[in-house]
Amino acid sequence: MARTQTHRGALPPGPRLPRLVQSSGVLRFRHRFVPWLHRRYGDVFTVHLLPADRTTVYFAHPDAIRDIFAGDPDTFHAGEANSILGPVMGRHSVLLVDGAEHRRTRRLLLPAFSPGALDGYRDLVAGVAKAEVASWPRDTAFRSLDRMNALTLEVIMQVVFGVTDEDRLARLRPLVRGVVDVSPAVLLGWAFPPLRRVGMWRRAAEGVRALDREVHDLVRDRRLAPDLDTRTDVLSRLIRVDDGGDRLTDTELRDQMVTLLLAGHETTATALAWTLQELGSDARLTERAREAARTGDDAWLEAALKESMRLHPVIPMVVRVLKRPATVGGVDLPEGTVVAASILLAHAREEAHPDPTVFRPERFLGRSPSPTTWLPFGGGVRRCIGAGFSLMEGTAVLREVFATYEVRAVAPETPRVRNITSVPRRGARLVVR
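These numbers come from a predicted model, not from an experiment.

Draft legend 1. Focus on the sheet that holds strand E9 (residues 407-409). If you trace the three strands from one edge of the open sheet to the other, you get E4-E12-E9, paired in antiparallel fashion. Edge positions in the sheet fall to strand E4 (142-143) and E9, since each has one partner strand and no second. Relative to strand E12 (residues 429-432), E4 runs antiparallel, the two sharing two bridges. Along E12, the bridge assignment pairs Phe142 with Leu430.

Shown next as structure tokens:
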């Protein structure tokens, strides 16, 4: 990579389009707009986004991505970069805090996502998957994205929140769907508090408040549960965490649970839908998946999931805000710049992933992917705390699907943006038998 130097305060080139147009391109048309910018400007380019002048410099080269992930967390603020999600996730969310507060929050969350804890969730996830997959229609086309969203929501409700009471589930499900299914316009509008009093922004804010009440009630009831000490769900584990007297408050628990809900529900569902679409589009891959499910070859199923995450990135980029001047990929950048490691571009690099448009699970067999060329969970000290849970969950679901059915995709798929995720445009329609 050419280590291009710029004068301190100068920015790499980029489009001279209005900020609204650039924001729309990045939020709604990322699959065409970002590759077009890459072809025109190369591995480094600048875009200007709303709200205000959110100057963002995109990087695609592994060396630059390494600089971002290895950067001093006190300089490279991830929480501030994710602030658009604050009105939903809450100010204590592990995704929104920086510095010492982030280190403390992550330390308190880690026990619930340790390898031992994941082993305890595995059978619960498999049970939810088995019940969901058994309900699928045979020999009739259906949208696998919808079914995966329903499945991962049940995993969140039962395994993460520990809710099995049907009355409470019936109240929570529509509230969760309403909060998850927000448009980019709502996300942008939340940066302007007066908008929260009108139209779709008001309805979204009301939905968040209703979800807050349910989650706070759940946390209160769980603290008083007589079997709290023996429960294995994530919420109960987090309530029990005590780091030398440092514990999560009710408000902090609310923010972390909503974060786990939003970060782990639709993202995992979408990755699974893309995986089923790819495996169901090739008879050879379908049979290989069935063999893996029959023989317990979870490594192959996990490799297929990872390859789907590479070929169809659910989230487009990882961002940081510079709190002081820094050099990324040889480019000197001023304080206040947002730096973005582009997942879309990193996953499509020919030198990192030969034939990058081809779905090939074998890329991930017997080796760990490079953290600078495969980054669906981010990287560095901010790598997604639920990455292991997501891969465990996805593998368990694939095992259940292919142990039960022969799967065929109905038609090819293209991506579209739904809130901040990239989903199959037609829902990844399948026929199973």
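Draft legend 2. Here's a closer look at the environment of Asp255. Tracing the backbone shows Asp255 in helix H13 (residues 250-264). When its relative accessible area of 4% is taken as the criterion, Asp255 is described as buried. Linking Asp255 and His38, residues 217 residues apart in sequence, is a C-alpha distance of 36 Å. Once you skip the residues sitting within four places of it in the chain, Asp255 turns out to touch Met89, Gly90, Arg91, His92 and Ser93. There is a polar contact of 2.8 Å between the side chain of Asp255 and the side chain of Arg254.

Draft legend 3. The arrangement of the pattern of salt bridges in detail. Counted according to the given criterion, the structure contains 35 salt bridges. Where Asp246 meets Arg107, a salt bridge forms, and the shortest distance between an N and an O atom there is 3.6 Å. Residue Asp246 is located in the loop between helix H12 (234-240) and H13, and its partner Arg107 is located in helix H6 (residues 99-109); the two are separated by 139 residues in the primary sequence. Accessibility expressed as a relative area gives 21% for Asp246, which makes it partly exposed.

Draft legend 4. Geometry of the side chain of Thr275. Structurally, Thr275 is set in helix H14 (residues 266-280). Separated by 3.1 Å, the side chains of Thr275 and Ser308 make a polar contact. Excluding its chain neighbours within four sequence positions, the residues that come into contact with Thr275 are Ala304, Leu305, Ser308 and Leu398.

Draft legend 5. Structural context of the packing of helix H16 (residues 298-311) against helix H18 (residues 387-404). Contact pair H16 / H18: the axes reach a minimum separation of 9 Å and the direction vectors enclose 115°. The pairing of H16 with H18 is recorded here as roughly perpendicular in orientation. With respect to the hand of their crossing, H16 and H18 are arranged in right-handed fashion. The residues of H18 that touch H16, namely those facing Asp298, Leu301, Glu302, Leu305, Lys306 and Met309, are Ser390, Leu391, Gly394, Thr395, Leu398 and Arg399. Among the residues forming the contact of H16 with H18, the class breakdown is five nonpolar, three polar and four charged.

Draft legend 6. Main features of helix H15 (residues 283-295). Between the first and last C-alpha of H15 there are 18 Å, a value that for 13 residues agrees with the 18 Å anticipated at 1.5 Å per step. Listing the buried residues of H15 in full gives Leu285, Thr286, Ala289, Ala292 and Ala293. On an axial view of H15, the arc spanned by its buried residues comes to 125°, and they lie on one face. Counted as exposed and oriented over 90 degrees from the buried face of H15: Ala283, Arg284, Arg294 and Thr295. Where H15 is buried, its residues meet H14, H16, H18 and E9. Looking one or two residues beyond H15, the residue adopting positive phi is Gly296, at roughly 75°.

Draft legend 7. Structural detail: the layout of surface pockets. One number sums up the size of the second largest pocket: a volume of about 510 Å³. The wall of the second largest pocket is formed by 21 residues, among which His31, Leu311, Pro313, Leu344 and Ala348 lie closest to the centre. Listing elements by their share of the lining of the second largest pocket, those giving two or more residues are helix H2 (30-41), H14, H16 and helix H17 (343-346). If you tally residues by element for the lining of the second largest pocket, the top one is H2, at three residues. A breakdown of the residues in the lining of the second largest pocket according to their chemical character gives nine nonpolar, six polar and six charged.

Here is what the cut-offs are and how they apply
- In this convention, every chain numbers its residues from 1, walking through the sequence in written order.
- Selection of residues for local features in this predicted model requires a pLDDT of at least 70, selection of side-chain atom pairs for listing and counting requires 80 or more, and totals for whole chains, interfaces and linings are taken over all residues.
- With hydrogens and water set aside, each side-chain value is computed from the structure's full complement of heavy atoms.
- Following DSSP output, two strands are said to pair if at least two bridges run between them.
- Every helix listed is a DSSP run of H or I at least four residues long, and every strand listed is a run of E at least two residues long, numbered separately from the N terminus.
- Only protein chains enter the area calculation, which uses a 1.4 Å probe; residues under 20% of their type maximum are buried, those over 50% are exposed, and those in between are partly exposed.
- Working rule for contacts: check all heavy atoms of both residues, and any pair within 4.5 Å makes them a contact.
- Throughout this description, a polar contact denotes any pair of N or O atoms lying within 3.5 Å of each other; where both atoms belong to protein, one of them has to be capable of donating a hydrogen while the other can accept it, and for residues adjacent in sequence the pair is counted only when both atoms sit in side chains.
- Any carboxyl oxygen of Asp or Glu that lies within 4 Å of a side-chain nitrogen of Lys or Arg is treated as forming a salt bridge with it.
- What counts as an axis is a line fitted to C-alpha atoms, over the stretch in contact for a helix, and the angles between N-to-C directions run from 0 to 180 degrees.
- By definition in this entry, angles of less than 35 degrees are roughly parallel, angles greater than 145 are roughly antiparallel, angles of 65 to 115 are roughly perpendicular, and the rest are oblique.
- Left-handed describes a crossing in which the near helix is turned anticlockwise from the far one by less than a right angle; the clockwise case is right-handed.
- Each residue gets one label: Ala, Val, Leu, Ile, Met, Phe, Trp, Tyr, Cys and Pro are nonpolar, Asp, Glu, Lys and Arg are charged, and the others, such as Gly, are polar.
- Expected span of a helix: the number of residues minus one, times 1.5 Å.
- The arc refers to the directions leading from the helix axis to the C-beta atoms.
- Two kinds of site are reported from a 1 Å grid over the protein atoms alone, namely cavities, where a 1.4 Å probe fits but cannot get out, and pockets, open sets with protein on both sides within 12 Å along at least five of seven lines, and residues are called lining when an atom falls within 4 Å of a point.
- Grid points are joined across faces, edges and corners, and a volume is the space filled by probe spheres set on the points.

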